[in-house]
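The residues making up each chain are set out below.
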Amino acid sequence: MDPEIKTYLILLIISLILMIGGGAFASYVNSDFGFVHVYQIAIYGDHGAVISAMLYLPSTASTKHPAPAILAVNGWNNQKEFMQNVAIELARRGYVVLIMDPYGHGLSGGSIGLAIAYGPYGTVSALKYLTSLPMVNASDIGLVGHSMGGLAITEAALALPNDYRSMFFMESTPFWYGFYSSALVSHLKNVAIAFGLYEELGPLMMHEPTGFDAPKSPLLMQFFNTSQPVVPNEVYGSINDGTARILYQPPITHAQATDDPTEIAEVIQWFYQTLGAPIYISPTNQIWQWKVVSTGLALFGAFIFLFATGALLLRTSVFRSLVRPIPDYKGFTGIGWWINAVIATALGPALYIWTNMFVWSHLTSFVSVVFPQVQSDVYMFWALVVGGITIVLLIMDHLVFLRKKGASAINYGLSWGDRKTTIINIIKAFVFAVIVLSTLYVILDFVFYTFNVDFRLWIWALESMTFRRFIYFWAYLLPFAILLVPLTVLFSGFMRPKAGKISTGAEMAINSVVLTLGIIIWLIIVYGEIFTDHAPNLSVLPIYMIPFVILWPLVASLITFYFRKTGNAYVGMFLVTMFIVWYVVAFDSF
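Quick summary incoming for the structure in this document. Just so it is clear, the model here is predicted, and its values are computed rather than measured.

What follows deals with the packing of aromatic side chains. Describing an aromatic ring pair means giving the distance of the ring centres and the angle of the ring planes. Scanning the model with the defined rule gives 48 aromatic pairs in all. Judged by centre distance (4.9 Å) and plane angle (85 degrees), the ring pair of Phe448 and Tyr449 falls under edge-to-face. Note on Phe448: relative accessible area 3%, which makes it buried. Judged by relative accessible area, Tyr449 falls into the exposed class, the value being 51%.

Next up on the list: helix α17 (residues 570-587). In an α-helix, one turn spans 3.6 residues, which is why side chains three or four residues apart end up on the same side. Here α17 spans 26 Å end to end across 18 residues, near enough to the 26 Å set by a 1.5 Å rise per residue. For α17, the buried fraction is high: 18 of the 18 residues fall into the buried class.

We now examine the sheet that holds strand β5 (residues 136-146). Ordered by their spatial adjacency, eight strands build an open sheet running β1-β2-β4-β3-β5-β6-β7-β8, and the pairing between neighbours is mixed. Two strands in the sheet have a free side with no partner beyond their single neighbour: β1 (36-44) and β8 (245-248). Shown here is a sheet whose adjacent strand axes are inclined to one another by a mean of 20 degrees, direction ignored. Contacts from helix α4 (residues 148-159) reach β3 (67-73), β5 and β6 (166-170), with the element oriented near 150 degrees to β5.

Let us now look at helix α1 (residues 3-30). When the terminal C-alpha atoms of α1 are compared, their 39 Å separation across 28 residues agrees well with the 40 Å that a helix rising 1.5 Å per residue should span. Listed in full, the buried residues belonging to α1 are Tyr8, Leu12, Ser15, Leu18, Met19, Gly22, Gly23, Ala26, Ser27, Val29 and Asn30. Looking at the residues trailing α1, positive phi occurs at Asp32, about 50 degrees.

A few words on the pairing of β5. The two faces of a sheet get side chains in turn, since along a regular strand they alternate between them. For β5, a buried count of eight out of eleven residues is recorded, marking the element as mostly surrounded by other parts of the structure. Note: β3 against β5, six bridges, orientation parallel. Looking across to β5, one finds that Ile70 is bridged to Gly142. Here five bridges tie β5 to β6, and the two strands are oriented parallel to one another. Among the inter-strand pairings, Leu143 is bridged to a residue of β6, identified as Met167. Handedness of the β-α-β unit built from β5, α4 and β6 comes out right-handed.

With that settled, consider the packing of helix α14 (residues 467-494) against helix α16 (residues 548-566). Their axes nearest at 10 Å, the elements α14 and α16 cross at an angle of 55 degrees. Judged on the interaxial angle alone, α16 and α14 are oblique. The chirality of how α14 crosses α16 is right-handed. When α14 is examined against α16, the residues Leu483, Leu484, Leu487, Thr488, Phe491 and Ser492 are found in contact with a partner set consisting of Trp552, Val555, Ile559 and Phe563.

Turning next to the pattern of salt bridges. When charged atoms on two side chains of opposite charge get close, those side chains can pair. Tallied over the entire structure, the rule returns 15 salt bridges. For Lys128, the salt bridge goes to Asp46, with nearest N and O atoms at 3.1 Å. Residue Lys128 is found in helix α3 (residues 123-132), and its partner Asp46 is found in the loop between β1 and β2 (50-58); the two are separated by 82 residues along the sequence. Note on Lys128: relative accessible area 40%, which makes it partly exposed. Put simply, Lys80 and Glu81 hold a salt bridge, and the shortest N to O gap is 3.6 Å. The exposure class assigned to Glu81 is buried, which follows from its relative accessible area of 3%. Look at the salt bridges and you will find they share partners, linking Asp2, Glu4, Arg315 and Lys565 into a network.

On to a nonpolar patch on the surface, then. Nonpolar side chains collect at one region of the surface, where Ile391, Val392, Ile395, Met396, Leu399, Val400 and Phe401 lie side by side and expose about 600 Å² of accessible area between them. Following the sequence through the fold, Val392 ends up in helix α12 (residues 374-402). Val392 sits in the partly exposed class, given a relative accessible area of 46%.

By size, the foremost hydrophobic cluster in this structure holds 180 residues, and its most contacted members are Val96, Ile193, Phe455, Leu462, Trp552, Phe579 and Trp582. Trp552 has contacts with Trp382, Leu483, Leu484, Leu487, Leu515, Thr516 and Ile519, leaving out every residue within four places of it along the chain.

Next up on the list: the environment of Asn511. Relative to the helices and strands, Asn511 is located in helix α15 (residues 504-532). The sequence separation of Asn511 and Val555 amounts to 44 residues, and the corresponding C-alpha distance is 9.4 Å. Excluding residues within four positions of it along the chain, Asn511 makes contact with Phe491, Met495, Pro497, Ala556 and Thr560. At 2.8 Å, the side chain of Asn511 and the side chain of Thr560 are in polar contact.

Procedures and definitions
Chains are numbered independently. Their residues run from 1 in the order of the written sequence. The model is predicted, so local features are restricted to residues of pLDDT at least 70 and side-chain atom pairs to those at 80 or more, both for listing and for counting; the totals for chains, interfaces and linings are taken over all residues. Side-chain numbers come from the whole structure's heavy atoms, not from hydrogens or water. The criterion for an aromatic pair is that two Phe, Tyr or Trp rings (for Trp, the six-membered ring) have centres within 6.5 Å, with stacked assigned to planes under 30 degrees apart, edge-to-face to planes over 60 apart and tilted to the rest. The cut-offs for exposure are 20% and 50% of the maximum accessible area for each residue type, with area from a 1.4 Å probe on protein chains only; residues under the lower value are buried, those over the upper are exposed, and the others partly exposed. The way it works is that DSSP assigns letters per residue, a run of H or I at least four long becomes a helix, a run of E at least two long becomes a strand, and they are numbered from the N terminus. By this rule, a helix spans an expected 1.5 Å times one less than how many residues it contains. When DSSP locates at least two bridges between a pair of strands, those strands are taken to pair. Between N-to-C directions, angles cover 0 to 180 degrees, with each direction set by a line fitted to C-alpha atoms, over the stretch in contact for helices. Residue contacts are defined here by distance: any two heavy atoms, one from each residue, within 4.5 Å place the two residues in contact. Seen with its strands pointing away from the viewer, a crossover is right-handed when the path leading from the first strand over the helix to the second is clockwise. Roughly parallel means an angle under 35 degrees; roughly antiparallel, over 145; roughly perpendicular, 65 to 115; everything else is oblique. Put simply, a crossing is left-handed when the front helix is turned counterclockwise from the back one by less than a right angle, and right-handed when it is turned clockwise. What counts as a salt bridge is simple: a side-chain nitrogen of Lys or Arg found within 4 Å of a carboxyl oxygen of Asp or Glu. Here the term patch refers to residues with relative accessible area over 30% and no salt bridge, with like charges joined within 9 Å and nonpolar side chains (Val, Leu, Ile, Met, Phe, Trp, Tyr) within 5 Å. For every accessible area listed, the method is Shrake-Rupley and the probe measures 1.4 Å; residues are considered covered only by the protein chains on display. We define the nonpolar core as a collection of buried residues of types Ala, Val, Leu, Ile, Met, Phe, Trp, Tyr and Cys that are connected through side-chain atoms lying within 4.5 Å of one another. We define a polar contact as two N or O atoms separated by no more than 3.5 Å, with the added condition that, inside protein, one atom must be a possible hydrogen donor and the other a possible acceptor, whereas residues neighbouring each other in sequence contribute only through side-chain atom pairs.

So this is what it looks like as structure tokens:
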């Protein structure tokens, strides 16, 4: 057997072991090693849309011994799997737990879109379902929501005031600016609020610039019925009569909450106090980290799969014609390479804030029937602007500098020298990318529906898509290609490090640094100010830049790997464009 084929077969087997084995072990942890039964269910909501949910049923809960129950809701632009860590810890302590995708999120139907302030979220229907279960003690129900999930559980509490006993707001509050009035939420029962010291959304949720300022928020003091700054970790009011209030302030940011042992322990402790402890296990005794490691390995396995499967597929008779010698390099060297590298690393983060602000101030112009996902539209406009500038710079580079060196479409990996051959191979490259990604999608679906987990590590997650999302995948494909196509051409033909006279691994590493370094520096500056000076923040803007810390190295590596394998830009171009659009559209909300 060819040593190279053997290497990629081994990598393919490793990727499958990581994805399937990681999913299986994550499922084992998710069920508390068999003590909890986890079911995927569909709830038919009051507003006509189906709600996708997971029910965690401890072995100790039965019709003869009904248990306290908790409804857990994720934040905006997240999925129910974000709440699995919380669900694991509560269910292993004897609580029945229901996690759900709010309308427009994950695998649920419906939409929130621009009406986020008013919902509906689907939590009213979910709470009705939870209280109807015979193994649930309907007089002992808790609600927990992260971020927008706080608005969602507030909706349920206000609609069904007699169907719950306590609430926990994870990096959230019941009085988001402009959503619910203080008078409306003043009667919420037994409320705990966890608001991190480094919370980015202070102005939105507390009317204070930082988490450090939260205790002196007039809204919070009014809600706690005190004229003095709220003292963290002190219970105000009475649990017995439902007026209890408590503020927790873990040293975390907004996105850390559902993966933070301290905040998860606070959730456990509060429900122990307000609902009782069906099975007492110390709040600090937590096992969810093993699930995160396992699904993280599965995600890493998915990344490996993109390389190994494609490398083997190129050896087949159908796709062998895509492979040709790497064309002569006529791109930039020396100072020219460095100038382009600086532009490539700085352009995206330099335009990120402006493009975000522009979209959010013109949302009704962007969110439409064709492009209905808010955060995808934010990324899309950013891609259009950065990609458009990149295209202009590439054209100028070619006309002013590289054409003199004899550079052509062949050298950039865009032509085989013959028009008919080029067109046929472009079609083949597209089909190649579809086959690789479709196979990965089938594996992801198998793991999800067999083991009830996806591929994720913290905020990085590869998700299954509903048919509706699959349709919009094709709508977003072209706008995102405006960025990812010129990026592919840039790394393939314009700025190969040391003219490509280095190993494939070294070239992948250098291109990954070039594409990602500017984003890392930008995040260090933004969060450095938050962590050291407690400076006013940029709301959710830095949170949505974090995914690129992993996605951009993957993109650069795939582009480089497949150019080195095929001598053309199309294989990597189609693969990264489809993958990124899949990632974004499956993740985002409607």
